[in-house]
Amino acid sequence: MTRSLIWATTTLMALSFAAAAAAQAPKPGTPAPEARDSLGAGADRQLARRKSWEPMPPPSDPRDFTGIWEVPNPKIDLKQDDGKDPPFKPDEAKSTQRMIDAEKAGNVITDASTQCFPHGVPRLTFAPYPIRFVHAPGKILMLHEVGHNVRVIYMDKKTPPKGTPMSFLGYAVGHWDGNTLVVETTHLNERTRLDMHTSHGPKLKVTERWTKQKTAQGYTDLVDVITVDDPDHFERPFSVTRRFAFRGDLEATEGAEGVTEYSCEENNRNVPSADGIVTTEVKGASR
Amino acid sequence: MSLSLKIAVMGAALVPASVAAAASDPWAGVPKAQRPAPGTPDLSGVWAMPAPIRVLKTADGQDPPLLPAAKTAYEKNRAALKADPKSDPSSNCWMQGVPRLVYAPYPVLIAQEKDRVNLVYETNHTFRIISLRPGLPKEGPDLDPQWLGYSAGRWEGKTLVIDSLGFNDKTWLDYSGLPHGEKLKVQERYTLKGPDRIEGAVTITDPDTFSRPWTTTFTLVKKPGYELKESVCVRDHKM
């Protein structure tokens, strides 16, 4: 089945994620990520779920990310690990608040992804869909189910080639720091947002540190510590963390290796205004 | 070239040939457990057709064996395309189907694994993940048709063979409007001929469209050092 119907609800889901995130923001003093797993609070109750996800364990090599990973508790926001908002510069704080207010007023917020453009980084990493990691000579691929986004991480380069153009997913170079895959992404165009509300500029540099981590119950998470550095929008670099669960069960999906066909273009009906806001008003409808 | 007009190629920079030192082991850095078995032909890298193929012909240069109704549909598609290039389903930025995606005039990155072959097409950042384990779904009304169908691959000697079925009927088989139905089955064959050339063959079976299975051929040449550009096709976008 194509994911168009699911896509159609993505924007509304984003609204509820944002609300849920606001309600569940961890309090200061929350244990460091190492002590949690991707299921977060209430993990005990979800062990059966987790067990079904790992009918076979992921590769034991800590530098082998091959397989499908999915964030079980998706949050499309920029809350730092201590629950605080990012250190917005005043203009960005205003801009972000304006989007939040528009959303609270009942409007649907759109961004590049809701118009079927690639999501941008780290927006793509926040999306609640599976990612397949592929190791290839000189590169690591991240094949995202959502909108068939493809990220190529160049492991054989230290810096982007001269003349690299700006693009939705930028140019990513990677290297290993111990068993942590460090990915630095730059050349990200300004047509995407970092989450649903916050903008960025051309100086954006996103550094991801991806590490496999055993959970207390013996399952495997892939943890991504994402550092956002954009001096035009934030007072200083800040980090957010996402934890992905291994989804070995999805590999059984026939003919798709766990990544279901997702055709965003089949449902491209919500055209936003110039500032990215779609009103949900329907002419003649009573609400 | 309606496709090229519709597609905004975001990265226009020509990338110089890779300056990476020629490693003795081309698989260095790839986890051992994921490397293809020794002796497996190495299709890794970026490939492209030397010249675009816009009209599919049989291997011996004949017109495909269209059934009468399909021939009428083909003529209709061709007339519509002539009148308005936007009548091409690819103008909607839908996934292009198989084998048309294979014939798109843009490169493809092949990433081989022990259990899979990943085909990442520059065309609108579309990818196919081909399992090398048995597991093609059963055809029939229970199978939800997809743009790129369902695929399973295997090595037959030195040839990578990919069988696909379960397609929707919204795509064309080529750029000229060659139609197909939902009973379409496609077999692709990729044979490495020297380090820089793949000889390809596509066999098309569709009893509602063609009087018999037929085969068409193509060549892929390696593009060393080429990096896939970000290509984005979005219909009627307002950004």
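Residues numbered from 1 in each chain as written. Chains lettered and ligands numbered in written order. Predicted model: local features only at pLDDT ≥ 70, side-chain atom pairs only at ≥ 80, totals over all residues. Heavy atoms only, no water.

**A few points about the overall build of chain B**
Inclusion rule: Think of it this way: any DSSP run of H or I at least four residues long counts as a helix, any run of E at least two long counts as a strand, and we number them from the N terminus. Only protein chains enter the area calculation, which uses a 1.4 Å probe; residues under 20% of their type maximum are buried, those over 50% are exposed, and those in between are partly exposed. Contacts are residue-level and defined by heavy atoms, with any inter-residue pair within 4.5 Å sufficient.
The helix and strand inventory of chain B stands at three helices and eleven strands. Along its sequence from the N terminus, chain B presents helices and strands in the succession α-β-β-α-α-β-β-β-β-β-β-β-β-β. Considering chain B as a whole, with its 239 residues, one finds that 51% of them fall into the buried category. A separation threshold of at least 6 residues defines the contact pool for chain B, and within that pool the share at least 24 residues apart is 60%.

**Observations regarding helix 2 (residues 68-83) of chain B**
Residue and element names in this part refer to chain B. The test is simple: Here the expected span of a helix is defined as 1.5 Å times the quantity of residues minus one. Think of it as the arc spanned by the lines of direction from the helix axis to the C-beta atoms.
Spanning 16 residues, helix 2 covers 23 Å between terminal C-alpha atoms, matching the ideal 22 Å at 1.5 Å per step. A70, Y74 and N77 are the residues of helix 2 that are buried. Each buried residue of helix 2 lies within a common arc of 60 degrees when the element is viewed along its axis, so the set occupies one face. Every exposed residue of helix 2 that faces more than 90 degrees away from the buried side is listed here: P68, A69, T72, K76, K82 and A83.

**Let's talk about the environment of D85 of chain A**
Residues and elements named next belong to chain A. When you line up the elements, D85 lands in the loop between strand 1 (67-70) and helix 3 (90-104). Sequence-wise, D85 and V134 are 49 residues apart; in three dimensions their C-alpha atoms are separated by 33 Å. With near-sequence residues (within four places) excluded, D85 lies in contact with K79 and Q80.

**A word on the interface of chain A and chain B**
Short version of the rule: Summed over both partners, buried area is the accessible surface (1.4 Å probe) that two parts give up on being assembled. Any Lys or Arg side-chain nitrogen located within 4 Å of an Asp or Glu carboxyl oxygen qualifies as a salt bridge. In protein, a polar contact requires one atom able to donate a hydrogen and another able to accept it; more generally it is a pair of N or O atoms within 3.5 Å, and residues adjacent in sequence count only if both atoms are side-chain atoms. We call Asp, Glu, Lys and Arg charged. Ala, Val, Leu, Ile, Met, Phe, Trp, Tyr, Cys and Pro are nonpolar, and the rest, Gly among them, are polar.
Taken together, the contacts link 54 residues of chain A with 50 residues of chain B. Interface area for chain A against chain B, summed over the two sides, is near 4200 Å², with a carbon-plus-sulfur share of 60%. Its largest share of buried area at the contact with chain B, chain A owes to H148, E261 and E265 of chain A, together 15% of the area lost on that side. Our count for the contact surface shared by chain A and chain B stands at two salt bridges. Of the charged contacts in the structure, one is a salt bridge between E251 of chain A and R133 of chain B, with a shortest N-O distance of 3.4 Å. Between the two partners, chain A and chain B, sit eleven residue pairs in polar contact (both at pLDDT 80 or more). Those elements that place two or more of their residues in the side of chain A that touches chain B are strand 3 (131-136), strand 4 (139-144) and strand 5 (150-154) of chain A. At five residues, strand 3 of chain A tops the list of elements feeding residues into the side of chain A that touches chain B. When grouped by side-chain class, the residues that make up the side of chain A that touches chain B number 25 nonpolar, 15 polar and 14 charged.

**Some details on the confidence of the model for chain A**
Residue and element names in this part refer to chain A. Note the following rule: Per-residue confidence from the prediction method is given by pLDDT, with values spanning 0 to 100.
Overall, the predicted model of chain A reaches an average pLDDT of 83, with 77% of residues at or above 70. Counting interchain partners and residues more than four positions distant, the pLDDT-below-50 stretch residues 4-34 has 42 contacts. A low-confidence stretch, residues 281-287 stays under pLDDT 50, and its non-local contacts, those more than four residues away or across chains, total three contacts.

**Points about the confidence of the model for chain B**
Note: predicted coordinates in regions of low pLDDT should not be interpreted at a detailed level. Residues and elements named next belong to chain B. When pLDDT is averaged along chain B, the result is 89, and 89% of the positions lie at 70 or above. Note on residues 1-22: pLDDT is under 50 here. Beyond four places in sequence and across chains, it has 44 contacts. Model confidence for the complex: the whole-complex pTM is 0.86, and ipTM, which rates the interface, is 0.89.

**A few points about the state of the cysteines**
Residue and element names in this part refer to chain A. Here is the rule we go by: Cysteine sulfur atoms that come within 2.5 Å of each other are treated as a disulfide pair.
On inspection of all chains with the given rule, the structure shows two disulfides over all chains. Here C116 pairs with C264 through a disulfide, and the sulfurs are 2.1 Å apart. With the S-S dihedral at roughly -85 degrees, the linkage between C116 and C264 falls on the left-handed side. Placement of C116 in the loop between strand 2 (108-109) and helix 4 (123-126) and of C264 in the loop between strand 10 (238-246) and strand 11 (277-278) is noted, with a sequence separation of 148 residues between them. The exposure class assigned to C116 is buried, which follows from its relative accessible area of 5%.

**Digging into the sheet that holds strand 9 (residues 220-229) of chain A**
Residues and elements named next belong to chain A. Here is the rule we go by: Strands are treated as partners if at least two bridges between them are detected by DSSP. Orientation is described by axes fitted as lines to C-alpha atoms, over the contacting stretch for helices, and by angles from 0 to 180 degrees between their N-to-C directions.
What the nine strands build is a closed barrel, ordered 1-3-4-5-6-7-8-9-10; its pairing is mixed. Between one strand and the next, the sheet's axes are offset by a mean angle of 30 degrees, whatever the strand orientation. Relative to strand 5, strand 4 runs antiparallel, the two sharing five bridges. Across the sheet, residue L143 finds its bridge partner in strand 5, namely V150.

**Points about the pairing of strand 10 of chain A**
Residue and element names in this part refer to chain A. The element strand 10 is extensively covered by neighbouring structure, given that eight of its nine residues are classed as buried. Alignment of strand 1 against strand 10, held across two bridges, turns out to be antiparallel. If you follow W69 over to strand 10, its bridge partner there is F246. Of the strand pairs in this sheet, strand 9 and strand 10 are connected by eight bridges, and their pairing is antiparallel. Bridge assignment links V228 to a residue of strand 10, and that residue is F238.

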